[in-house]
Amino acid sequence: MTIEIASTAKSFGGWHKQVQHESKTLQCTMRFAVYMPPKAVSGEPVPVLYWLSGLTCTDENFMQKAGAHRMAAELGIAIVAPDTSPRGDDVPDDPDGAYDFGHGAGFYVNATQSPWSRHYRMYDYVVHELPEIVEAEFPVTSTRAISGHSMGGHGALMIALRNPDRFTSVSAFAPIVNPIDVPWGQKAFSNYLGDDAEAWKAYDSCVLMAKAEQFVPALVDQGDADGFLNEQLQPETLRAVAEERSYPLELRMQEGYDHSYYFISSFIEDHLRFHSRYLGA
Ligand SMILES: N[C@@H](CCC(=O)N[C@@H](CS)C(=O)NCC(=O)O)C(=O)O
C-alpha cells in the first residue's frame, strides 16, 4: 500500500497530516486526516479515536473546527478523520446535486444498488481498510474508539454496535439514531440499499442496539436548539431502546446548542476524556 502525505502541520507538540491513497475498497483516490499527539511523535504507540463527520464534510471540518488537538495531545490519543464518501469525477453523485446524498454523504454503508455499489462502500472502508493503513503506517496500537457527528454519529454508533470487539467505546454528537425512520436515512438507504427496508436494518443503531449481545460504553450529546432534532435525529428513540436493554448509554440534552461545530467544540473535551478511560491512554 502506498500513501502520500499531502500536508503536515505541527499542532500542540504533535502533528496534523493529510494522507492521500488509492482505496481498493472505494475504487478511487481518498484523503484522510491524522492527528498524532506528542507521545506518538516521540515513538510510543498510542490508541486511536476514529472520527466520522457529517453531511457535506471532508477530512478537514473536524480537524479545523472541533478544537480537539489540545486534549488529544494531553491524553495521548491519535485521531483519524476520513472523508465522508468516495470522491472524484468517476464517482456518481446526487443527480440534483443535493447535499444529503452522494458526494459528502456516503452514510457509512456498503451500497448494493447500481450505480452506487462500485464506489460507495464506506462501511468496509472505515471498519477495515482505513485501520489497516493507519496501523501499518503510523505509531499507533490497535486499540480503537469511534465518534462522529450527525450522519457520522449514525456511522459511529452503528459501526460500534456491529463491531463490539473492534472498539472500546463510542460517542456521538447529534447522531441520526434511527435512519430507517427519518427522511435523510430513507433517501440514502433506498438509493444505496434498494427498496427492501429489511436490508436497511443492518445499518440502524436503534435496531442494532435492541438486539446487541455485547455492549460498548456510549456517550451521546444533543443540542436542544438543533434545527434537525425533531425531523432527523430523534435521540429519545435510542434512549428508549437503551433503557429497555440496560445498555450503557449516557445521552445528554444540552440546552441552547445547535447542530454546528460550536456545539461540538464545546463538548469535545468530555468525549476525549470519556474515550481515554476505555482506551487506556
Ligand atoms: N445545509 C447544511 C446542512 C449540512 C450540515 O449541517 N452539515 C453538518 C453535518 S450534518 C456539518 O458538519 N457541516 C459542515 C460544518 O459545519 O463545517 C449545509 O449544507 O452545510
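In this text the structure is predicted, and so the values were computed from the model without any measurement.

Considerations on the overall build of the chain
Counting its regular elements, the chain contains 10 helices and 9 strands. Relative to a compact globule of 281 residues, whose C-alpha radius of gyration would be 19 Å, the chain shows 17 Å and is just as compact. Its C-alpha atoms give the chain principal-axis dimensions of about 50 × 45 × 35 Å. Relative to its full complement of 281 residues, the chain shows a buried share of 56%. Taking the intrachain contacts of the chain between residues at least 6 apart in sequence as the baseline, contacts between residues at least 24 apart amount to 73%. In the structure as shown, the chain presents an accessible area of about 11,100 Å², 45% of it carried by carbon and sulfur atoms. Between the centroid of the 21 positive side chains of the chain and the centroid of its 37 negative side chains there is a distance of 6 Å.

Some details on the sheet that holds strand β2 (residues 14-23)
Taken in spatial order, the 9 strands of this open sheet run β1-β2-β3-β5-β4-β6-β7-β8-β9, and their pairing is mixed. Of all the strands in the sheet, the pair left with one neighbour each is β1 (3-11) and β9 (249-254). Adjacent strand axes in the sheet meet at a mean angle of 20 degrees, parallel and antiparallel pairs treated alike. Two strands pair when backbone bridges link them, and β2 and strand β3 (residues 28-36) are joined in this way by 9 bridges, in the antiparallel orientation. What sits directly across from S23, in β3, is C28. Against the sheet, helix α9 (residues 235-245) engages β8 (218-223) and β9, with an angle of about 150 degrees to β9.

Re the pairing of strand β4 (residues 46-52)
The buried count for β4 comes to 7 of 7 residues, which makes it a mostly enclosed element. Here β4 pairs with strand β6 (residues 140-149) via 6 bridges, running parallel. Considered in β6, the bridge of W51 is made with S147.

A closer look at the UniProt feature "active site" (unreviewed entry) in the chain
UniProt tags S150, D226 and H259 as "active site" (unreviewed entry). Maximum C-alpha separation among the annotated residues is 10.8 Å over a sequence range of 110 residues, consistent with a single clustered spot. In the annotated group above, the largest pocket draws its lining from S150 and H259. Positionally, S150 belongs in the loop between β6 and α5 (151-162). S150 sits in the buried class, given a relative accessible area of 2%. Dropping the residues within four chain positions of it, S150 is found in contact with G54, F173, A174, P175, I176, W184, L233 and H259.

A short note on the site of the ligand
Around the ligand, the neighbouring residues are G54, L55, T56, C57, N61, K65, Y99, H149, S150, F228, H259 and Y261. Take N61: an N or O atom from its side chain is 2.8 Å from an oxygen atom of the ligand. Between the ligand and the protein, one listed contact pairs an oxygen atom with a side-chain N or O atom of K65 at 2.6 Å. Taken by itself the ligand offers 490 Å² of open surface, and the protein chains cover 70% of this. Mapping the ligand onto the cavity grids shows that it belongs to the largest pocket. Taken together, the residues of the shell around the ligand sort by class into 5 nonpolar, 6 polar and 1 charged.

A few points about the pairing of β1
Pairing of β1 with β2 involves 8 bridges; the strand directions are antiparallel. Bridge pairing in β2 places I5 opposite V19. In this structure, the hairpin formed by β1 and β2 is closed by a connection of 2 residues, where F12 is found at a positive phi of approximately 50 degrees.

What about the nonpolar core?
Generally speaking, soluble globular proteins have nonpolar side chains that are buried together. With 94 residues, the main nonpolar core has F107, I146, I159 and Y192 as its most contacted residues. Looking at which element gives the most residues to this core, the answer is helix α4 (residues 122-137), with 8 residues. In contact with F107, other than residues within four places in its own chain, are L55, T84, D100, M151, H154, M158, I176, W184, G185, A188, F189 and Y192.

What to know about the layout of surface pockets
Looking at the largest pocket, its volume works out to about 170 Å³. Lining the largest pocket are 14 residues, with L55, T56, C57, H149 and H259 sitting closest to its centre. By residue class, the composition of the lining of the largest pocket is 6 nonpolar, 7 polar and 1 charged.

Parameters and conventions
Residues numbered from 1 in each chain as written. Predicted model: local features only at pLDDT ≥ 70, side-chain atom pairs only at ≥ 80, totals over all residues. Heavy atoms only, no water. Helix = DSSP H or I, 4+ residues; strand = E, 2+ residues; numbered from the N terminus. Rg over C-alpha atoms; globule rule 2.2 N^0.38 Å. Buried < 20%, exposed > 50% of the residue type's maximum accessible area, 1.4 Å probe, protein only. Contact = heavy atoms within 4.5 Å. Areas by Shrake-Rupley, 256 points an atom, 1.4 Å probe, with all protein chains shown as cover. Lys, Arg positive; Asp, Glu negative; His and termini not counted. Charge placed at Lys NZ, Arg CZ, Asp CG, Glu CD. Pairing = 2+ DSSP bridges. Axes fitted to C-alpha atoms, helices over the stretch in contact; angles between N-to-C directions. UniProt positions renumbered as here; feature names shortened; annotations may be inferred. 1 Å grid on protein atoms, 1.4 Å probe; cavity = no way out; pocket = protein on both sides within 12 Å on 5 of 7 lines; lining within 4 Å. Near = heavy atom within 4 Å. Polar contact = N/O pair within 3.5 Å; in protein donor to acceptor, adjacent residues only side chain to side chain. Sits in = over half its atoms within 2 Å of the grid points. Nonpolar A, V, L, I, M, F, W, Y, C, P; charged D, E, K, R; others polar. Core = buried A, V, L, I, M, F, W, Y, C linked by side-chain atoms within 4.5 Å. Points joined across faces, edges and corners; volume = space filled by probe spheres on them.

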